[in-house]
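Descriptive analysis of the structure
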Amino acid sequence: MIRDILKMGDPLLQRVAKPVERVGTPELDALIQDMFDTMEAAGGVGLAAPQIGVDLQVVIFGFDRSERYPDAPAVPRTVLINPVITPLSDEREEGWEGCLSVPGLRGSVPRYVSIRYTGIDPAGKPIDRIAEGFHARVVQHECDHLIGRLYPSRIEDFSKFGFTEILFPGLDPRGDD
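Residues numbered from 1 in each chain as written. Predicted model: local features only at pLDDT ≥ 70, side-chain atom pairs only at ≥ 80, totals over all residues. Heavy atoms only, no water.

So, about helix α1 (residues 26-42). Taking 1.5 Å of rise per residue, 17 residues should cover 24 Å, and α1 covers 24 Å from first to last C-alpha, within 8% of that figure. Inspection of α1 places L28, L31, I32, D34, M35, F36, T38 and M39 among the buried residues, and these make up the whole buried set. On its buried face, α1 is in contact with β1 (46-48), β2 (58-63) and β3 (75-87). Phi for G43, located one or two positions after α1, is positive at around 75°. (Helix = DSSP H or I, 4+ residues; strand = E, 2+ residues; numbered from the N terminus. Expected span 1.5 Å × (residues − 1). Buried < 20%, exposed > 50% of the residue type's maximum accessible area, 1.4 Å probe, protein only. Contact = heavy atoms within 4.5 Å.)

Here is the structure:
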């Protein structure tokens, strides 16, 4: 089922999400399916449970090719529950981001270039991956939602923040994420 995506300013997006305590439940499976349906309908590359009003530490991400980020390499389709991110160096890189909860806008956000992320999948199996570049950016962006942060709060240079239609003429601003 496609769910409504909360928009910036909604207090539910500002809360710290709770850890998932039980996996393999019909409720969790339905939530994950709804998240994929919602993300795909909106043309996003990731989605966090708080974006659809669910206060749990669940993020999904992944794509083979993205119209939003045509130069980005594929990112494996992933369900990540109770994630922990560890930067592998202090090196950060600026890159353009949008968000389904901040429609029509884009900003240049500094993110760690290389991270390790851990958590579990829907069956409770451990996930432990190293990610770099855009893959690392997507994971950091989605996991920020779990601590009540949206990407504009990470922007350091507001001359690189604005409406998608102005910054990127010809790119459809309706599906930013």
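Let us look at the packing of aromatic side chains. Enumeration over the complete set of coordinates arrives at six aromatic pairs. Their ring planes at 50° and their centres at 5.0 Å tell us that Y69 and F134 sit as a pair that is tilted. In this pair, Y69 sits in the loop between β2 and β3 while F134 sits in helix α2 (residues 133-145), placing the two residues 65 residues apart along the sequence. One exposure class covers both Y69 and F134, and it is buried. Ring geometry for F158 against F161: centres 5.8 Å apart, planes inclined by 90°, an arrangement best described as edge-to-face. Judged by relative accessible area, which is 25%, F161 ranks as partly exposed. Taken together, F63, Y69 and F134 form an aromatic cluster joined through their ring pairs. Taking NZ or CZ as reference, R77 lies 3.8 Å from the ring centre of F36, over its face. The aromatic ring of F168 is capped on one face by R106, whose charged end is 5.5 Å from the ring centroid. (Phe/Tyr/Trp six-rings, centres within 6.5 Å; stacked < 30°, edge-to-face > 60°. Lys NZ or Arg CZ within 6 Å of the ring centre and 35° of its normal.)

One open sheet accounts for three strands, arranged β4-β5-β8; its pairing is antiparallel. The open sheet has two edge strands, β4 (92-99) and β8 (161-163), and neither has a second partner. Shown here is a sheet whose adjacent strand axes are inclined to one another by a mean of 20°, direction ignored. When strand β5 (residues 102-112) meets β8, the two strands line up antiparallel, connected through three bridges. In the sheet register, G107 faces β8, and the bridge partner there is F161. Lying on the sheet, α2 is in contact with β4 and β5; it crosses β4 at an angle near 60°. (Pairing = 2+ DSSP bridges. Axes fitted to C-alpha atoms, helices over the stretch in contact; angles between N-to-C directions.)

Structurally, R137 can be placed in helix α2. Under the relative-accessibility criterion, R137 is labelled buried at 8%. Polar contacts involving the side chain of R137 include one to the side chain of E97, which spans 2.7 Å. In this structure R137 touches E93, E94, G95, W96, E97, V109 and R111, once residues within four positions along its chain are discounted. (Polar contact = N/O pair within 3.5 Å; in protein donor to acceptor, adjacent residues only side chain to side chain.)

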